[in-house]
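Architecture at a glance
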Amino acid sequence: MPAYNLLLDFQVAPTILETSENGKATSNQEMHNVVRSLGLQGPVSAVTFQDGGTFAVFHNEGGSHATLRVYPQGLVTLDVQQWVEEGGEPKITEESLKDVEQKFRRVLSSKKSKRLPFIKRGMRLDPYITTTSEQIVEYDFDRVVYEENSPYQNIKILHSPQYGNLLLLDDDQNLAESDAAYTYAMTGNGREDFMNKDVLILGGGDGGILYHLLQQNPKFVTMLEIDQMVIDAATKYLRGICHDCFDSLSGDNYLVRVEDCVPVLEQYAQDGKTFDYVINDLTDIPISQEPTVFSLSAEDTCDLPQKILDLSLKVLKKTGKYWTHGANTNNVPQKFEEQLKHLLPPVDFLKEVIAIPSYHELWAFYTIWKAS
(Lines give C-alpha, C1' and ligand atoms only; values in the text may rest on other atoms or scores of the structure.)
Protein backbone atom coordinates (compact mmCIF):
# COMPACT_ATOMS: atom_id res chain seq x y z
CA MET A 1 0.00 0.00 0.00
CA PRO A 2 2.71 2.53 -0.89
CA ALA A 3 2.48 6.15 -1.93
CA TYR A 4 5.32 7.15 -4.22
CA ASN A 5 6.79 10.64 -3.89
CA LEU A 6 9.10 12.25 -6.39
CA LEU A 7 10.93 15.50 -5.74
CA LEU A 8 12.26 17.80 -8.45
CA ASP A 9 14.31 20.96 -7.78
CA PHE A 10 15.36 23.63 -10.27
CA GLN A 11 17.85 26.37 -9.57
CA VAL A 12 16.98 29.46 -11.57
CA ALA A 13 18.46 32.92 -12.01
CA PRO A 14 16.28 35.16 -9.78
CA THR A 15 16.00 37.67 -12.62
CA ILE A 16 13.97 35.12 -14.59
CA LEU A 17 11.44 34.95 -11.75
CA GLU A 18 11.43 38.69 -11.13
CA THR A 19 10.10 39.86 -14.50
CA SER A 20 6.97 41.95 -15.05
CA GLU A 21 3.59 40.68 -13.94
CA ASN A 22 2.82 39.74 -17.54
CA GLY A 23 6.11 37.85 -17.74
CA LYS A 24 5.38 36.04 -14.47
CA ALA A 25 1.96 34.99 -15.71
CA THR A 26 3.46 33.62 -18.90
CA SER A 27 6.19 31.71 -17.03
CA ASN A 28 3.67 30.26 -14.53
CA GLN A 29 1.35 29.22 -17.35
CA GLU A 30 4.19 27.41 -19.12
CA MET A 31 5.12 25.57 -15.91
CA HIS A 32 1.48 24.65 -15.30
CA ASN A 33 1.26 23.21 -18.80
CA VAL A 34 4.27 21.00 -18.08
CA VAL A 35 2.70 19.73 -14.83
CA ARG A 36 -0.57 18.99 -16.68
CA SER A 37 1.38 16.86 -19.17
CA LEU A 38 1.62 14.28 -16.34
CA GLY A 39 -2.15 13.73 -16.59
CA LEU A 40 -2.95 16.14 -13.77
CA GLN A 41 -5.58 18.89 -13.77
CA GLY A 42 -5.31 22.29 -12.24
CA PRO A 43 -4.17 24.25 -10.55
CA VAL A 44 -7.13 23.57 -8.25
CA SER A 45 -5.59 25.97 -5.75
CA ALA A 46 -3.06 28.72 -6.30
CA VAL A 47 -1.52 31.26 -3.95
CA THR A 48 0.74 34.25 -4.55
CA PHE A 49 2.82 35.32 -1.55
CA GLN A 50 3.92 38.78 -0.52
CA ASP A 51 7.45 38.21 -1.81
CA GLY A 52 6.10 37.32 -5.26
CA GLY A 53 6.50 33.56 -4.86
CA THR A 54 3.70 31.22 -5.90
CA PHE A 55 2.23 27.89 -4.83
CA ALA A 56 -0.08 25.73 -6.95
CA VAL A 57 -1.78 22.35 -6.43
CA PHE A 58 -2.71 19.86 -9.19
CA HIS A 59 -4.47 16.47 -9.04
CA ASN A 60 -6.35 13.86 -11.06
CA GLU A 61 -9.30 11.55 -10.44
CA GLY A 62 -6.97 8.69 -9.57
CA GLY A 63 -5.78 10.58 -6.50
CA SER A 64 -2.33 11.59 -7.72
CA HIS A 65 -1.34 15.15 -6.95
CA ALA A 66 1.50 17.61 -7.35
CA THR A 67 2.55 20.85 -5.72
CA LEU A 68 4.52 23.49 -7.57
CA ARG A 69 6.36 26.08 -5.49
CA VAL A 70 8.18 29.06 -6.96
CA TYR A 71 10.62 30.94 -4.72
CA PRO A 72 11.58 34.30 -6.25
CA GLN A 73 15.05 33.95 -4.72
CA GLY A 74 15.84 31.40 -7.46
CA LEU A 75 14.37 27.99 -6.60
CA VAL A 76 11.44 26.08 -8.14
CA THR A 77 10.28 22.79 -6.59
CA LEU A 78 7.85 20.20 -7.93
CA ASP A 79 6.61 17.45 -5.59
CA VAL A 80 4.57 14.64 -7.15
CA GLN A 81 2.74 11.96 -5.16
CA GLN A 82 0.81 8.95 -6.48
CA TRP A 83 -0.72 5.78 -5.12
CA VAL A 84 0.81 2.51 -6.36
CA GLU A 85 -0.64 -0.91 -5.57
CA GLU A 86 1.78 -3.16 -3.67
CA GLY A 87 3.97 -4.84 -6.29
CA GLY A 88 2.59 -2.62 -9.05
CA GLU A 89 4.19 0.01 -11.25
CA PRO A 90 3.62 3.77 -10.95
CA LYS A 91 1.40 5.31 -13.63
CA ILE A 92 3.52 8.44 -13.59
CA THR A 93 6.78 6.79 -14.57
CA GLU A 94 10.42 7.73 -14.10
CA GLU A 95 10.63 8.26 -17.87
CA SER A 96 7.74 10.74 -17.90
CA LEU A 97 9.32 12.60 -15.00
CA LYS A 98 12.65 12.78 -16.82
CA ASP A 99 10.75 14.39 -19.70
CA VAL A 100 9.10 16.85 -17.29
CA GLU A 101 12.50 17.72 -15.85
CA GLN A 102 13.83 18.62 -19.29
CA LYS A 103 10.74 20.68 -20.15
CA PHE A 104 11.04 22.64 -16.89
CA ARG A 105 14.70 23.31 -17.58
CA ARG A 106 13.81 24.78 -20.98
CA VAL A 107 10.94 26.87 -19.63
CA LEU A 108 13.06 28.24 -16.77
CA SER A 109 16.40 28.37 -18.60
CA SER A 110 17.66 26.34 -15.65
CA LYS A 111 21.18 24.96 -15.89
CA LYS A 112 20.95 22.93 -12.68
CA SER A 113 18.23 20.53 -11.56
CA LYS A 114 17.93 17.62 -9.17
CA ARG A 115 15.53 14.69 -9.45
CA LEU A 116 15.48 12.24 -6.55
CA PRO A 117 14.38 8.59 -6.98
CA PHE A 118 10.87 7.69 -5.87
CA ILE A 119 10.47 7.82 -2.10
CA LYS A 120 8.18 4.91 -1.19
CA ARG A 121 5.95 5.59 1.81
CA GLY A 122 3.81 3.03 3.60
CA MET A 123 5.27 -0.11 2.05
CA ARG A 124 4.69 -3.37 3.88
CA LEU A 125 8.46 -3.88 3.75
CA ASP A 126 9.97 -0.51 4.64
CA PRO A 127 13.23 -0.11 2.65
CA TYR A 128 14.55 2.83 4.67
CA ILE A 129 16.81 3.03 7.70
CA THR A 130 17.85 6.33 9.28
CA THR A 131 21.52 6.45 10.23
CA THR A 132 22.84 7.94 13.47
CA SER A 133 23.72 11.08 11.49
CA GLU A 134 20.05 11.40 10.42
CA GLN A 135 20.69 10.33 6.83
CA ILE A 136 18.15 8.16 5.03
CA VAL A 137 19.49 4.98 3.41
CA GLU A 138 17.35 2.88 1.05
CA TYR A 139 18.12 -0.85 1.23
CA ASP A 140 17.29 -3.68 -1.15
CA PHE A 141 15.27 -5.69 1.39
CA ASP A 142 13.17 -8.35 -0.31
CA ARG A 143 11.54 -10.14 2.64
CA VAL A 144 10.96 -10.16 6.39
CA VAL A 145 12.79 -13.20 7.73
CA TYR A 146 11.63 -12.79 11.33
CA GLU A 147 9.77 -10.27 13.48
CA GLU A 148 8.59 -10.56 17.06
CA ASN A 149 8.26 -8.36 20.14
CA SER A 150 10.21 -9.49 23.20
CA PRO A 151 9.65 -8.07 26.69
CA TYR A 152 12.46 -5.61 25.88
CA GLN A 153 12.24 -4.64 22.22
CA ASN A 154 11.00 -5.27 18.72
CA ILE A 155 13.25 -7.81 16.98
CA LYS A 156 13.36 -7.83 13.22
CA ILE A 157 15.55 -9.66 10.71
CA LEU A 158 15.29 -8.54 7.09
CA HIS A 159 16.95 -10.17 4.10
CA SER A 160 19.04 -8.13 1.70
CA PRO A 161 20.45 -9.70 -1.49
CA GLN A 162 23.49 -7.45 -0.99
CA TYR A 163 24.13 -7.75 2.76
CA GLY A 164 22.45 -11.02 3.75
CA ASN A 165 20.20 -11.20 6.80
CA LEU A 166 20.25 -7.96 8.83
CA LEU A 167 19.23 -7.58 12.49
CA LEU A 168 17.27 -4.55 13.69
CA LEU A 169 16.27 -3.93 17.31
CA ASP A 170 13.52 -1.33 17.72
CA ASP A 171 14.31 -0.44 14.09
CA ASP A 172 17.89 0.39 15.05
CA GLN A 173 20.30 -1.35 12.72
CA ASN A 174 22.60 -3.78 14.54
CA LEU A 175 24.51 -6.14 12.27
CA ALA A 176 24.25 -7.90 8.92
CA GLU A 177 25.89 -11.09 7.74
CA SER A 178 28.18 -8.95 5.58
CA ASP A 179 29.63 -7.08 8.57
CA ALA A 180 32.58 -9.16 9.73
CA ALA A 181 34.59 -5.92 9.87
CA TYR A 182 32.55 -4.92 12.93
CA THR A 183 33.39 -8.13 14.79
CA TYR A 184 37.09 -7.83 13.98
CA ALA A 185 37.19 -4.20 15.12
CA MET A 186 35.45 -5.07 18.40
CA THR A 187 38.13 -7.66 19.13
CA GLY A 188 41.24 -5.63 18.27
CA ASN A 189 41.57 -6.24 14.52
CA GLY A 190 43.92 -9.18 14.98
CA ARG A 191 46.34 -7.46 17.36
CA GLU A 192 45.31 -9.42 20.47
CA ASP A 193 46.08 -12.95 21.61
CA PHE A 194 43.02 -14.38 23.37
CA MET A 195 44.55 -17.76 24.14
CA ASN A 196 44.11 -18.61 27.85
CA LYS A 197 42.45 -15.24 28.53
CA ASP A 198 39.26 -14.44 30.45
CA VAL A 199 36.84 -12.37 28.35
CA LEU A 200 33.56 -10.67 29.25
CA ILE A 201 31.05 -9.69 26.52
CA LEU A 202 28.30 -7.19 27.35
CA GLY A 203 25.38 -7.73 25.00
CA GLY A 204 26.42 -9.46 21.80
CA GLY A 205 23.10 -11.17 21.11
CA ASP A 206 23.90 -11.70 17.43
CA GLY A 207 26.69 -14.10 18.48
CA GLY A 208 29.36 -12.74 16.15
CA ILE A 209 31.88 -11.77 18.83
CA LEU A 210 31.36 -14.95 20.85
CA TYR A 211 31.91 -17.14 17.80
CA HIS A 212 35.03 -15.22 16.78
CA LEU A 213 36.53 -15.46 20.29
CA LEU A 214 35.88 -19.18 20.59
CA GLN A 215 38.09 -19.74 17.55
CA GLN A 216 41.00 -18.20 19.53
CA ASN A 217 41.12 -20.79 22.37
CA PRO A 218 40.35 -18.43 25.26
CA LYS A 219 40.49 -19.64 28.83
CA PHE A 220 36.85 -18.63 29.38
CA VAL A 221 34.29 -16.28 27.78
CA THR A 222 31.30 -14.99 29.73
CA MET A 223 28.55 -13.30 27.74
CA LEU A 224 25.78 -11.21 29.35
CA GLU A 225 22.76 -10.76 27.05
CA ILE A 226 19.41 -9.64 28.45
CA ASP A 227 17.13 -10.88 25.67
CA GLN A 228 16.71 -14.61 25.10
CA MET A 229 14.55 -13.95 22.04
CA VAL A 230 17.44 -12.17 20.28
CA ILE A 231 19.65 -15.20 20.91
CA ASP A 232 16.94 -17.54 19.62
CA ALA A 233 16.42 -15.46 16.47
CA ALA A 234 20.16 -15.30 15.81
CA THR A 235 20.52 -19.05 16.33
CA LYS A 236 17.97 -19.73 13.59
CA TYR A 237 18.31 -16.83 11.18
CA LEU A 238 21.80 -15.32 11.63
CA ARG A 239 23.92 -18.42 11.16
CA GLY A 240 26.24 -16.40 8.95
CA ILE A 241 27.13 -14.39 12.07
CA CYS A 242 26.85 -16.70 15.08
CA HIS A 243 27.43 -20.01 13.25
CA ASP A 244 26.96 -22.80 15.86
CA CYS A 245 28.02 -20.94 19.02
CA PHE A 246 24.43 -20.61 20.33
CA ASP A 247 23.49 -24.25 19.71
CA SER A 248 24.41 -24.60 23.36
CA LEU A 249 24.59 -21.64 25.75
CA SER A 250 27.45 -23.18 27.69
CA GLY A 251 30.57 -25.16 26.96
CA ASP A 252 33.96 -26.06 28.36
CA ASN A 253 35.24 -22.49 27.96
CA TYR A 254 32.16 -20.27 27.65
CA LEU A 255 28.86 -19.39 29.29
CA VAL A 256 26.00 -17.25 27.98
CA ARG A 257 24.07 -15.71 30.87
CA VAL A 258 20.65 -14.31 29.91
CA GLU A 259 20.66 -11.41 32.36
CA ASP A 260 20.88 -7.63 32.62
CA CYS A 261 24.61 -6.88 32.58
CA VAL A 262 24.52 -4.03 35.12
CA PRO A 263 23.71 -6.01 38.31
CA VAL A 264 26.11 -8.76 37.21
CA LEU A 265 28.88 -6.20 36.72
CA GLU A 266 28.11 -4.75 40.13
CA GLN A 267 28.39 -8.20 41.70
CA TYR A 268 31.64 -8.94 39.85
CA ALA A 269 33.09 -5.63 41.11
CA GLN A 270 31.98 -6.41 44.65
CA ASP A 271 33.52 -9.90 44.48
CA GLY A 272 36.77 -8.63 42.97
CA LYS A 273 36.36 -10.71 39.81
CA THR A 274 38.43 -9.38 36.89
CA PHE A 275 38.87 -10.04 33.18
CA ASP A 276 41.62 -9.68 30.62
CA TYR A 277 39.16 -8.17 28.16
CA VAL A 278 35.74 -6.53 28.47
CA ILE A 279 33.83 -6.00 25.21
CA ASN A 280 30.88 -3.60 25.25
CA ASP A 281 28.61 -4.78 22.42
CA LEU A 282 25.37 -3.36 23.78
CA THR A 283 22.74 -2.14 21.32
CA ASP A 284 22.42 1.46 22.45
CA ILE A 285 25.32 3.78 21.62
CA PRO A 286 27.60 2.83 24.53
CA ILE A 287 29.83 5.88 24.38
CA SER A 288 28.57 8.90 26.29
CA GLN A 289 27.80 12.06 24.34
CA GLU A 290 28.50 14.38 27.30
CA PRO A 291 31.89 14.82 29.01
CA THR A 292 31.54 14.07 32.72
CA VAL A 293 34.15 14.25 35.50
CA PHE A 294 33.75 11.36 37.92
CA SER A 295 35.83 8.84 39.82
CA LEU A 296 35.70 5.13 39.16
CA SER A 297 35.21 4.67 42.89
CA ALA A 298 32.42 7.23 43.21
CA GLU A 299 28.82 6.18 43.81
CA ASP A 300 27.42 9.06 41.79
CA THR A 301 24.17 8.67 39.90
CA CYS A 302 25.03 8.72 36.18
CA ASP A 303 23.51 7.68 32.87
CA LEU A 304 23.75 4.10 31.65
CA PRO A 305 26.74 4.46 29.26
CA GLN A 306 28.80 6.12 31.99
CA LYS A 307 27.78 3.54 34.57
CA ILE A 308 28.72 0.67 32.28
CA LEU A 309 32.09 2.28 31.51
CA ASP A 310 32.66 2.76 35.25
CA LEU A 311 31.81 -0.83 36.14
CA SER A 312 33.67 -2.32 33.17
CA LEU A 313 36.89 -0.62 34.18
CA LYS A 314 36.42 -1.83 37.74
CA VAL A 315 36.34 -5.47 36.59
CA LEU A 316 39.22 -5.02 34.11
CA LYS A 317 42.65 -6.31 35.06
CA LYS A 318 45.47 -3.78 35.31
CA THR A 319 46.85 -5.07 32.01
CA GLY A 320 43.42 -5.61 30.48
CA LYS A 321 41.65 -3.88 27.59
CA TYR A 322 38.11 -2.61 27.15
CA TRP A 323 36.44 -2.20 23.76
CA THR A 324 33.47 -0.05 22.93
CA HIS A 325 31.98 1.56 19.84
CA GLY A 326 29.71 4.34 18.62
CA ALA A 327 28.79 6.75 15.89
CA ASN A 328 31.59 8.74 14.30
CA THR A 329 29.28 11.75 13.83
CA ASN A 330 27.75 14.72 15.66
CA ASN A 331 30.92 15.23 17.76
CA VAL A 332 30.14 12.06 19.71
CA PRO A 333 33.76 10.78 19.62
CA GLN A 334 35.16 14.15 20.66
CA LYS A 335 32.83 14.33 23.66
CA PHE A 336 33.57 10.75 24.64
CA GLU A 337 37.31 11.36 24.43
CA GLU A 338 36.93 14.42 26.63
CA GLN A 339 35.18 12.19 29.17
CA LEU A 340 38.00 9.64 28.99
CA LYS A 341 40.59 12.34 29.67
CA HIS A 342 38.94 13.13 33.01
CA LEU A 343 38.59 9.57 34.30
CA LEU A 344 40.24 8.72 37.60
CA PRO A 345 42.32 6.64 37.69
CA PRO A 346 43.46 7.76 34.23
CA VAL A 347 43.18 5.70 31.05
CA ASP A 348 44.80 5.64 27.62
CA PHE A 349 42.89 4.85 24.46
CA LEU A 350 43.16 4.10 20.77
CA LYS A 351 40.46 5.16 18.31
CA GLU A 352 39.91 3.43 14.97
CA VAL A 353 37.34 4.46 12.36
CA ILE A 354 36.06 1.55 10.29
CA ALA A 355 33.66 1.28 7.34
CA ILE A 356 31.02 -1.36 8.12
CA PRO A 357 29.39 -2.49 4.85
CA SER A 358 25.71 -2.36 5.77
CA TYR A 359 25.96 0.77 7.94
CA HIS A 360 26.59 3.24 5.10
CA GLU A 361 28.55 5.39 7.55
CA LEU A 362 31.88 5.21 9.33
CA TRP A 363 31.86 3.77 12.85
CA ALA A 364 34.23 4.55 15.71
CA PHE A 365 35.85 1.80 17.79
CA TYR A 366 37.78 2.45 21.00
CA THR A 367 40.37 0.32 22.77
CA ILE A 368 40.76 1.59 26.36
CA TRP A 369 43.25 0.51 28.99
CA LYS A 370 44.40 1.73 32.41
CA ALA A 371 47.33 4.10 32.22
CA SER A 372 50.51 2.81 33.85
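A few points on the structure. Worth saying up front: this structure is predicted, and the values here are computed from it rather than measured.

With that settled, the discussion passes to the pairing of strand β18 (residues 275-281). Most of β18 is tucked away: seven of the seven residues are buried. In this structure, strand β14 (residues 198-203) lies alongside β18, joined through five bridges in parallel fashion. Its bridge partner lying in β18, V199 is registered against Y277. As judged from the four bridges shared by β18 and strand β19 (residues 316-327), these two strands associate in the parallel manner.

This next bit is on the nonpolar core. Ranked by internal contacts, the top residues of the largest apolar core, which has 38 residues, are Y182, L210, L213, V221, F246 and F365. Once you skip the residues sitting within four places of it in the chain, V221 turns out to touch V199, I201, L210, L213, L214, N253, Y254 and L255. By size, the runner-up hydrophobic cluster in this structure holds 26 residues, among which are V12, V34, L68 and L108.

Across the six residues that make up β14, a large majority, six, are buried. In this structure, β14 lies alongside strand β15 (residues 220-224), joined through five bridges in parallel fashion. By the bridge assignment, L200 is partnered in β15 with T222. With helix α5 (residues 208-214) bridging β14 and its parallel neighbour β15, the resulting β-α-β unit is right-handed.

For the rest of this paragraph, the subject is the sheet that holds strand β13 (residues 172-176). Read across the open sheet, the four strands follow the order β10-β11-β12-β13; overall the sheet is antiparallel. Only two strands of the sheet have a single partner each, and these edge strands are β10 (143-149) and β13. Adjacent strand axes in the sheet meet at a mean angle of 20° when their direction is disregarded. Inspection of the sheet shows β10 paired to strand β11 (residues 154-160) by six bridges, in the antiparallel sense. Within β11, the position partnered with R143 by the bridge is H159.

Glancing now at the environment of K370. By the element assignment, K370 lies in strand β21 (residues 362-370). Sequence separation of K370 and L304 is 66 residues, and the distance between their C-alpha atoms is 21 Å. Those residues in contact with K370 that sit more than four places away from it in its chain are L313, L316, K317, K318, P346 and V347. Within the local environment of K370, its side chain forms a polar contact with the backbone oxygen of L313, the two atoms lying 2.9 Å apart. At a separation of 2.7 Å, a polar atom in the side chain of K370 contacts the main-chain carbonyl oxygen of L316.

Attention now goes to the pattern of salt bridges. Two side chains carrying opposite charge are able to pair once their charged atoms lie near each other. Per the counting criterion, the structure on display carries 15 salt bridges. Note that E138 and K120 form a salt bridge whose closest N and O atoms lie 2.9 Å from each other. Of this pair, E138 sits in strand β9 (residues 136-138) while K120 sits in strand β7 (residues 119-121); the two residues are 18 residues apart in sequence, bridging distant segments of the chain. E138 sits in the partly exposed class, given a relative accessible area of 38%. If you follow the salt bridges from partner to partner, you end up with E94, E101 and R115 in one network.

On to the packing of aromatic side chains. Following the criterion strictly, the structure yields 14 aromatic pairs and no others. Judged by centre distance (5.1 Å) and plane angle (75°), the rings of F336 and Y366 are edge-to-face. With F336 in helix α10 (residues 332-341) and Y366 in strand β21, this pair connects stretches of sequence that are 30 residues apart. Measuring from centroid to centroid gives 6.0 Å for F349 and Y366, while their planes differ by 55°, and the two rings are tilted. Here the residue F349 occupies a position in strand β20 (residues 347-355), and Y366 occupies one in strand β21, the gap between them amounting to 17 residues. Its relative accessible area of 27% is what places F349 among the partly exposed residues. Geometry around Y71 places R69 over its ring, the cationic atom sitting 4.0 Å from the centre.

Once that is clear, we can look at the environment of K103. Along the chain, K103 falls in helix α3 (residues 94-108). Owing to a relative accessible area of 26%, K103 belongs among the partly exposed residues under this scheme. The spatial distance from the C-alpha of K103 to the C-alpha of E30 is 9.5 Å, given a sequence separation of 73 residues.

Turning next to the side chain of D179. Within the fold, D179 resides in the loop between β13 and α4 (180-185). There is no salt bridge for the buried D179, and the closest opposite charge comes from R143, which lies 16 Å off by N-O distance. What D179 contacts, discounting residues up to four positions off in sequence, is I356, P357, S358 and Y359.

This next bit is on the environment of L249. Relative to the elements of secondary structure, L249 occurs in the loop between α7 (239-242) and β16 (250-251). C-alpha separation for the pair L249 and M223, spaced 26 residues apart in sequence, amounts to 9.4 Å.

Geometrically, a packed helix pair is captured by the angle between its two axes and the distance between the axes. Direction vectors running N to C along helix α8 (residues 261-271) and helix α9 (residues 304-314) enclose 30°, while the axes themselves pass 9 Å from each other. With respect to α9, the element α8 is oriented roughly parallel. Handedness of the crossing formed by α8 with α9: left-handed. Taking contact as the criterion, the partners of C261, V262, L265, E266 and A269 in α8 are, on α9, L304, K307, I308, L311, S312 and K314. Of the residues that constitute the contact of α8 with α9, the class distribution is seven nonpolar, one polar and three charged.

Conventions adopted
- Residues numbered from 1 in each chain as written.
- Predicted model: local features only at pLDDT ≥ 70, side-chain atom pairs only at ≥ 80, totals over all residues.
- Heavy atoms only, no water.
- Buried < 20%, exposed > 50% of the residue type's maximum accessible area, 1.4 Å probe, protein only.
- Helix = DSSP H or I, 4+ residues; strand = E, 2+ residues; numbered from the N terminus.
- Pairing = 2+ DSSP bridges.
- Core = buried A, V, L, I, M, F, W, Y, C linked by side-chain atoms within 4.5 Å.
- Contact = heavy atoms within 4.5 Å.
- Right-handed = clockwise from strand over helix to strand, strands pointing away.
- Axes fitted to C-alpha atoms, helices over the stretch in contact; angles between N-to-C directions.
- Polar contact = N/O pair within 3.5 Å; in protein donor to acceptor, adjacent residues only side chain to side chain.
- Salt bridge = Lys/Arg side-chain N within 4 Å of Asp/Glu carboxyl O.
- Phe/Tyr/Trp six-rings, centres within 6.5 Å; stacked < 30°, edge-to-face > 60°.
- Lys NZ or Arg CZ within 6 Å of the ring centre and 35° of its normal.
- Lys, Arg positive; Asp, Glu negative; His and termini not counted.
- Parallel < 35°, antiparallel > 145°, perpendicular 65-115°, else oblique.
- Left-handed = near helix turned anticlockwise from the far one by under 90°.
- Nonpolar A, V, L, I, M, F, W, Y, C, P; charged D, E, K, R; others polar.

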